[in-house]
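# Understanding the architecture of this molecule
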Amino acid sequence: MVQSGGLSPLRADLLLLHAPAVFEFRRRRDLYFPFLGTSGDVPITPLYEYFPVGFKTLQRFLGERDFDVKLLNLASLLVRYPNLDVEKVFAALDVPVVGIDLHWMIHVQGALEVAERLKRARPDIKILLGGISSTYYADELIRYPFIDLVMRGYDTHEPMLDLLARIKSGQKLDGVQNLLFKNGFGSPVENEFGHKPETYGCGIDWSTQPVTPKVKGFPIREILSTQNAGCAYNCPWCGGSRDAFRRIFGKKRAMARKPDTEISYEIDSMRRLANASNYHFYSVGSYNESKERLLWFIKELGTTELKSVSFEQFHLTPPDVLRAMGQLPSRVSITLSPESHDPVIAKHSGRGVYSNEELEAWLPIAIEAGIHAIDIWFFVGMPHQTEASCHATVDYAAHLLEKFKGQPVNPMVCPMIPFLDPASNIFENPEDYGYRVFFRTVEQHRRGMERASLINRMNYETKWLSRSDLVRVGFDCVARLMQAKAAVGMLPNAAVNRYCEKITDAWSFLQAVHEADSLENPKDRALALDPLGDEIMRRNDLVLFSGVANQALPVNRQIGGRWFDELGWEPNELDHVAAMGAPDSSTLVG
Ligand code: B12
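A quick note: this is a predicted structure, and the numbers were derived from the prediction, not measured.

Next up on the list: the overall build of the protein chain. Each helix and strand counted, the protein chain has 23 helices and 21 strands in total. On C-alpha atoms alone, the protein chain measures out to a radius of gyration of 23 Å, which is about the 25 Å that the 2.2 N^0.38 rule sets for 590 residues. For the C-alpha atoms alone, the extent of the protein chain along its principal axes is close to 65 × 60 × 50 Å. Relative to all contacts within the protein chain whose residues are 6 or more apart in sequence, the contacts with residues 24 or more apart total 76%.

Sheet strands associate in pairs through backbone hydrogen bonding, adopting either a parallel or an antiparallel arrangement. Ordered by their spatial adjacency, 7 strands build an open sheet running β3-β2-β5-β6-β7-β8-β9, and the pairing between neighbours is mixed. Unpaired on one side and paired on the other, β3 (69-73) and β9 (188-190) mark the two borders of the sheet. On average, each strand axis in the sheet is inclined to that of its neighbour by 20°, with strand direction left out of account. Strand contacts of helix α1 (residues 54-63): β2 (14-18), β3 and β5 (97-101), with the helix running at about 160° to β3, the strand carrying the most contacts.

Next up on the list: the pattern of salt bridges. By the definition in use, this model includes 43 salt bridges. Across the pair E49 and R562 runs a salt bridge whose closest N-O atoms are separated by 3.0 Å. With E49 in the loop between β2 and α1 and R562 in the loop between β21 (557-558) and α23 (571-579), this pair connects stretches of sequence that are 513 residues apart. For E49, a relative accessible area of 0% puts it in the buried group. Note that E64 and R60 form a salt bridge whose closest N and O atoms lie 2.9 Å from each other. Each of R28, D30, E113, E116, R117, E443, R446, R447 and E450 takes part in one network of salt bridges that share partners.

With that settled, the discussion passes to the sheet that holds strand β16 (residues 373-380). Pairing is parallel across the open sheet formed by 6 strands, whose spatial order is β10-β13-β14-β15-β16-β17. Looking at which strands have only one partner, the edges of the open sheet turn out to be β10 (222-226) and β17 (409-415). Neighbour to neighbour, the strand axes of the sheet diverge by 20° on average, direction disregarded. Where strand β15 (residues 331-339) lies against β16, 5 bridges are found, and the strand directions are parallel. Counterpart to T335 in the pairing with β16 is D375. Across the face of the sheet, helix α10 (residues 291-301) comes into contact with β13 (280-284) and β14 (308-313) while running at roughly 170° to β14.

The next subject is the site of the ligand. With respect to spatial proximity, 43 residues lie near the ligand, and among them V53, G54, M105, Y200 and D421 are the closest. Note that a nitrogen atom of the ligand is positioned 2.9 Å from one of the side-chain N or O atoms of W104. Those elements that place two or more of their residues in the shell around the ligand are α1, β5, β6 (126-130), α5 (132-136), α7 (157-169) and β13. Considered class by class, the residues forming the shell around the ligand number 23 nonpolar, 15 polar and 5 charged. A domain-level breakdown of the shell around the ligand finds at least three residues from each of domain 1 (10-153 + 156-195 + 563-587) and domain 2 (222-435).

Moving on to the environment of S76. Examined against the element boundaries, S76 turns out to sit in helix α2 (residues 74-80). A sequence separation of 31 residues divides S76 from T45, and the C-alpha atoms of the two residues are 9.2 Å apart. If we skip the residues at most four places from it in the chain, S76 touches E49, R562, F564, D565 and L567.

The domain architecture assigned to the protein chain consists of domain 1 (10-153 + 156-195 + 563-587) and domain 2 (222-435). Taking only C-alpha atoms, the centre of domain 1 and the centre of domain 2 are 29 Å apart. Taken together, the contacts link 19 residues of domain 1 with 19 residues of domain 2. Taken over both partners, the interface formed by domain 1 and domain 2 buries close to 1700 Å², and the fraction arising from carbon and sulfur atoms is 68%. Here domain 1 is connected to domain 2 by 1 salt bridge. For R60, the salt bridge goes to E262, with nearest N and O atoms at 3.0 Å.

Bringing the pairing of β10 into the picture now. Most of β10 is tucked away, with 5 of its 5 residues classed as buried. Burial along β10 is two-sided: E222, L224 and T226 and I223 and S225, pointing in opposite directions, are all buried. As judged from the 5 bridges shared by β10 and β13, these two strands associate in the parallel manner. For E222, the partnering residue across the bridge sits in β13 and is H280.

Cysteine pairs can be covalently joined through their sulfur atoms, and such a bond is termed a disulfide. Here the structure, examined in full by the defined rule, presents 0 disulfides. Sulfur of C238: no disulfide; nearest cysteine sulfur belongs to C235 and is 6.3 Å away. No disulfide involves C390; its nearest neighbouring cysteine sulfur is the one of C477, lying 5.1 Å away.

The rules behind these values
- Residues numbered from 1 in each chain as written.
- Predicted model: local features only at pLDDT ≥ 70, side-chain atom pairs only at ≥ 80, totals over all residues.
- Heavy atoms only, no water.
- Helix = DSSP H or I, 4+ residues; strand = E, 2+ residues; numbered from the N terminus.
- Rg over C-alpha atoms; globule rule 2.2 N^0.38 Å.
- Contact = heavy atoms within 4.5 Å.
- Pairing = 2+ DSSP bridges.
- Axes fitted to C-alpha atoms, helices over the stretch in contact; angles between N-to-C directions.
- Salt bridge = Lys/Arg side-chain N within 4 Å of Asp/Glu carboxyl O.
- Buried < 20%, exposed > 50% of the residue type's maximum accessible area, 1.4 Å probe, protein only.
- Near = heavy atom within 4 Å.
- Polar contact = N/O pair within 3.5 Å; in protein donor to acceptor, adjacent residues only side chain to side chain.
- Nonpolar A, V, L, I, M, F, W, Y, C, P; charged D, E, K, R; others polar.
- Domains from an automatic or database assignment.
- Buried area = accessible area lost by both parts, 1.4 Å probe.
- Disulfide = S-S within 2.5 Å.

Put into structure tokens, the structure is as follows:
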């Protein structure tokens, strides 16, 4: 039912809401989102639309226990419906609790701003935060006046069940494991962080996908899963490494695995997914699986009709596993991340487990075994990495492109921007690694994300590359690599030229924004930024619209239909309400 002017009530026992990385992005004249500001590795806008896959497991687990859990991706919703007034969304909520993920730190500004505004509009709703960053920063988060609850943990199913049951029956929250909450006087109370099971998660039901508006062109049909939480490896820059996991979750064992029965449930749901043959399945973290379990998993995947499957690998996949992958009916791709061509830097980055020669000897074996694509990721922002070394990495990538011309070998480069992961070993002891960390607390990150210049949003720099260098060198390396791909005919010249022009424009405009944003006095800063406002908005409109591209496929594809594009209401209702306009539509993205 469409209410006059408003959205129909969205009823649930729990609404899990994914906030855009920055809010209110549609009206910010003082915040520049440059092209490539997300590193270009996954098909998302600078709002970072992925929500934690745990939203789907919580929905199933709690749903099977009689709690109605709904999902709302506010990032996708607002970018897809630029004229939708967020206050109408808040007014329509008929829920006792809204759970917001602060899983990735990049969401710090958006998650907190949405929490604050929602609390102001709807003091009757309890605001709950959860996810990896929420766990790490739980003590600080619970002190914000607009946050009522923080749920810690890599597996929150049981504690969430307890929490919802107590809220429903009006019981005290004292006994809910992993929870921080405010008592009747508004003071924070910390319950025991005791629910740390050896197994992780529950299977996801992939058989149904969100109802989405019509998508023009080439839709993104991808599903994604991980069979474990934590990590067997210890890369110092990573906030999910072995040490980081132990640090955040206070658990000795740095790995928790999804039980086989739950994985089988997931695969069965993929078999039931309509048009599964149009879907790509991204198997994240398969490098953490034992050979036996990976082989079993591959065999199970063989019973689906998925179009393609990708596996992330840490080592060079051994021949027997390659053969099993190659025999799958789906097209298989492998993702490797040596991080640098330089073995010393690769080692400092936690990698370096194979040499370039070994990689080059392995590639033909993988292709021969039937692997359809091999993506090889290099990073910018690693310890000991100089500008020259980054460019040498691109030279090496170009060498790979030449050597394997016409074959499915796709090197890519990812600038580590804007954040070094909180809780990573480098974040904890930056000096030991030659790093400087600019923001340590949640509030510092939040304020940092509100800086107009991407350079000032960076939370780190290294002894070898300043904040500005990290952005510039990252942009240059991506541009050079794209050109190398055009040179070997891997990507069309015209698309690459357009891509590189956007990078050049982003860097040159960033100079003007950065100069203004670097003025010491906030008043002078605002005055200097003001004349740039129109140009900031114009450029932001080019990246914050309902289309996304990534390095692998540098053409815009319309948002909608991705597994995480949960828009909350039927498209016709959203069209109708959005047509009635936002508060000041003259300044919104069209
Ligand atoms: C899988 C993965 C991805 C997948 C996405 C998976 C997904 N949608 O969940 C992909 C590849 C797309 C990805 C992307 C990114 N990732 Co990532 N990713 C991981 C990885 C390997 C596993 C994380 C994971 O999901 N674990 C499983 C568990 C912990 O989470 P879960 O089951 O989803 O959720 C449970 C709990 O976390 C909790 N929970 C989560 N949210 C909430 C919310 C509420 C309200 C509650 C109550 C509970 C709750 O309850 C859930 C159920 O038990 C980690 C590394 C690692 N080893 O941990 C990095 C990691 C999480 N990613 C990271 C980063 C930086 C990113 C990017 C920002 C990278 C980029 N491009 O710049 C993007 C952000 C994408 C976006 N928001 O749009 C960092 C985050 C560091 C930090 N603290 O900020 C990590 C730690 C390491 C890394 N550098 O890769 N990532």
